[in-house]
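A look at the structure
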Amino acid sequence: LIRELITMLTSPLVGKKFGPISIISGGGATACDTTLPFVIKYGGEEYIVPAIISGLTLSVAATILVPLFAQFK
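We now examine the side chain of Thr7. Inspection of the secondary structure puts Thr7 in helix α1 (residues 2-18). A distance of 2.8 Å separates a polar side-chain atom of Thr7 from the backbone oxygen of Arg3. With residues near it in sequence (within four places) discarded, Thr7 still touches Ile23, Gly26, Gly27 and Thr35.

This is the structure in structure tokens:
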């Protein structure tokens, strides 16, 4: 939740300073849903597809990697 809030609050500044792709990376897995409106507003509509692909990839990776790493307690 904190990461999403930070992305929402800082996306105008981060987008100007580091470029629109940095908003996607800041959102992480939520770039395909929760923070997508901020990607569109401060990055542009051309970044919708990369944001969705990034978010879905990270979501799928998390469902595979978290249980895998949890085995190594």
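Right, picking up where we left off after that structure.
Attention now moves to the nonpolar core. By size, the foremost hydrophobic cluster in this structure holds six residues: Ile23, Ile24, Ala31, Leu36, Val39 and Ala51. Of all the elements in the fold, those that place two or more residues in this core are α2 (20-27) and α3 (36-43). Those residues in contact with Val39 that lie beyond four places of it in its chain are Ile23, Ile24, Gly44, Tyr47 and Ala51.

One can find Ser11 in helix α1. Accessibility expressed as a relative area gives 1% for Ser11, which makes it buried.

So, how was this worked out
Residues numbered from 1 in each chain as written. Predicted model: local features only at pLDDT ≥ 70, side-chain atom pairs only at ≥ 80, totals over all residues. Heavy atoms only, no water. Helix = DSSP H or I, 4+ residues; strand = E, 2+ residues; numbered from the N terminus. Polar contact = N/O pair within 3.5 Å; in protein donor to acceptor, adjacent residues only side chain to side chain. Contact = heavy atoms within 4.5 Å. Core = buried A, V, L, I, M, F, W, Y, C linked by side-chain atoms within 4.5 Å. Buried < 20%, exposed > 50% of the residue type's maximum accessible area, 1.4 Å probe, protein only.

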